[in-house]
Amino acid sequence: MTICNICPRACKVERKNSISDKGTMGYCRCGMLPVISRAALHHWEEPCIAGTRGAGTVFFAGCNLSCVYCQNYEISELQKGIEVSVERLREIYFELIAQGAHNIDLVTPTQYTHAIFQSLREPLPVPVVYNCGGYESVHTVAFLRKKVQCWLPDLKYSDSRAAARYSDAPDYFDKATAAIEQMVRQTGPYQLDGDGILQKGVLIRHLILPGQVENTKGVLRYIAETFAPGEVLFSLMRQYVPCGRAAEFPEINRPITDEEYEECESYMEALGIDEGYVQQKASSDKMFIPAFDGTGVLKE
């Protein structure tokens, strides 16, 4: 049992160990043992993460956000997956490394921070990527400082109203920016190896939402005003496609328009943000959402 203050929700409940145990759960509705939906090489991350061989991606079920449009809704909210031990989680890392993974890419891991920490007691031969929604606590980021080499946080919102409406997190911007700044303090400027693979540092992602150009501009201003050239990478994403409960929110129940993306990209260029990535229009397709079918979770 652990009194849980892992994320900014600070539920302060004694979370049960296994999802099958009797006991309490916090906002994330997860036990302490990790539930994994898929563990496989993934080729659709940014080039410095996926490289030529793929990222060794472990998709965790559950989340500390409730994004109504989540592309991984069946695992983030419906929590589809298989519960595993800490020992099995570490075995999965080495199975992915044996398949050629450039790194171990932990997707939506925050609710299982303690298990992940235990699974990384001994360092891995490849970088660990913490691929999260950005809604993190500074103390949890610091707790992982010797375990995680690469941070891949979202910075979803600068607008607290949008954060409250679509992710039930009106304090998102303050919490996420504080956590991201801690990530940068821990890693220092990003470093790529000779093959262009991220070895340490922070890559900040932002997904443009329909009708939310001003929200995106606020995020871009923060990036430009906060970080020096060579300090962080930035990924401007146009892959939004209505998923989850998006149909309940008519204003976001559509793809973004070419005009919306071009306005955001032009604003980014005007601010001088040029270290990172943009996405092609074809990225907004459900075909890029992997099958959360338990691949790689159980030992063969």
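A short tour of the structure in this document, coming up. Here the structure is a predicted model, which is why all the values come from computation and not from measurement. (Residues numbered from 1 in each chain as written. Predicted model: local features only at pLDDT ≥ 70, side-chain atom pairs only at ≥ 80, totals over all residues. Heavy atoms only, no water.)

### Here's the deal with the overall build of the protein chain
Across its full length, the protein chain carries nine helices and 12 strands. Over its C-alpha atoms, taken along the principal directions, the protein chain stretches across nearly 50 × 45 × 35 Å. Taken over 300 residues, the protein chain has a buried fraction of 56%. The long-range fraction of contacts in the protein chain, counting pairs at least 24 apart against all pairs at least 6 apart in sequence, stands at 69%. For the protein chain, the accessible surface area stands at approximately 12800 Å², while carbon and sulfur atoms represent 51% of it. Distance between charge centres in the protein chain, computed from 30 positive and 38 negative side chains, equals 7 Å. (Helix = DSSP H or I, 4+ residues; strand = E, 2+ residues; numbered from the N terminus. Buried < 20%, exposed > 50% of the residue type's maximum accessible area, 1.4 Å probe, protein only. Contact = heavy atoms within 4.5 Å. Areas by Shrake-Rupley, 256 points an atom, 1.4 Å probe, with all protein chains shown as cover. Lys, Arg positive; Asp, Glu negative; His and termini not counted. Charge placed at Lys NZ, Arg CZ, Asp CG, Glu CD.)

### Let's talk about the packing of helix 8 (residues 213–226) against helix 9 (residues 258–270)
It is at 10 Å that the axes of helix 8 and helix 9 come closest, and there the two elements cross at 20 degrees. The orientation of helix 8 with respect to helix 9, classified from their angle, is roughly parallel. Crossing of helix 8 against helix 9: the hand is right-handed. Taken together, the residues of helix 9 that come into contact with helix 8 (itself represented by Val213, Thr216, Lys217, Leu220 and Arg221) are Glu260, Glu263, Cys264, Tyr267 and Met268. Residue composition of the contact of helix 8 with helix 9, by class: five nonpolar, one polar and four charged. (Axes fitted to C-alpha atoms, helices over the stretch in contact; angles between N-to-C directions. Parallel < 35°, antiparallel > 145°, perpendicular 65-115°, else oblique. Left-handed = near helix turned anticlockwise from the far one by under 90°. Nonpolar A, V, L, I, M, F, W, Y, C, P; charged D, E, K, R; others polar.)

### Observations regarding the nonpolar core
Counting residues in hydrophobic clusters, the biggest one holds 73 residues, and the most contacted among them are Val58 and Tyr69. Among the elements that make up this core, the one with the highest residue count is helix 7 (residues 172–187) (six residues). Those residues in contact with valine 58 that sit more than four places away from it in its chain are Ile36, Arg38, Ala39, Leu89, Ile92, Tyr93, Leu96, Asp105, Leu106 and Val107. The next biggest cluster of nonpolar side chains, apart from the first, holds 10 residues, and it includes Cys48, Val129, Cys150 and Leu203. (Core = buried A, V, L, I, M, F, W, Y, C linked by side-chain atoms within 4.5 Å.)

### So, the pattern of salt bridges
For the coordinates displayed, the defined rule picks out 16 salt bridges. Aspartate 293 is the partner of arginine 38 in a salt bridge, and the nearest nitrogen-oxygen pair spans 3.5 Å. Separated by 255 residues along the polypeptide, arginine 38 in strand 3 (residues 35–42) and aspartate 293 in the segment after strand 12 (276–278) bring together distant segments of the chain. A salt bridge links arginine 205 to glutamate 45; the nearest nitrogen and oxygen atoms lie 2.5 Å apart. You can see arginine 205 sitting in strand 10 (residues 198–207) and its partner glutamate 45 sitting in the loop between strand 3 and helix 1 (47–50), a full 160 residues away along the chain. (Salt bridge = Lys/Arg side-chain N within 4 Å of Asp/Glu carboxyl O.)

### A closer look at the environment of serine 266
Note that serine 266 resides in helix 9. Residue classification places serine 266 among the partly exposed residues on the basis of a relative accessible area of 43%. Engagement of the side chain of serine 266 in a polar contact is seen with the backbone oxygen of glutamate 262, the distance being 2.9 Å. (Polar contact = N/O pair within 3.5 Å; in protein donor to acceptor, adjacent residues only side chain to side chain.)

### Some thoughts on the pairing of strand 11 (residues 233–237)
Among the five residues of strand 11, five are classified as buried, and the element is accordingly described as predominantly covered. A two-sided burial pattern is seen for strand 11, the buried positions comprising Leu233, Ser235 and Met237 on one face and Phe234 and Leu236 on the other. As judged from the five bridges shared by strand 10 and strand 11, these two strands associate in the parallel manner. Note that in strand 11 the partner of arginine 205 across the bridge is serine 235. The parallel pair strand 10 and strand 11, bridged by helix 8, forms a crossover whose chirality is right-handed. The pairing of strand 11 with strand 12 spans three bridges and is classified as parallel. Paired with leucine 236 across the bridge in strand 12 is valine 278. Crossover connection from strand 11 via helix 9 to parallel strand 12: handedness right-handed. (Pairing = 2+ DSSP bridges. Right-handed = clockwise from strand over helix to strand, strands pointing away.)

### Quick word on helix 9
Relative to the 18 Å expected for 13 residues at 1.5 Å per residue, helix 9 spans 18 Å between its end C-alpha atoms, a close match to the ideal helical length. Residues of helix 9 that are buried include every one of Glu260, Tyr261, Cys264 and Met268, and no others. Looking straight down helix 9, one finds that the buried residues subtend no more than 95 degrees of arc, so they occupy a single side. Looking at helix 9, the residues exposed on the side facing more than 90 degrees away from the buried face are Glu259, Glu269 and Ala270. Contacts made by the buried residues of helix 9 are with helix 8, strand 11 and strand 12. One or two positions beyond helix 9, positive phi appears at glycine 272, with a value near 85 degrees. (Expected span 1.5 Å × (residues − 1). Arc of directions from axis to C-beta.)

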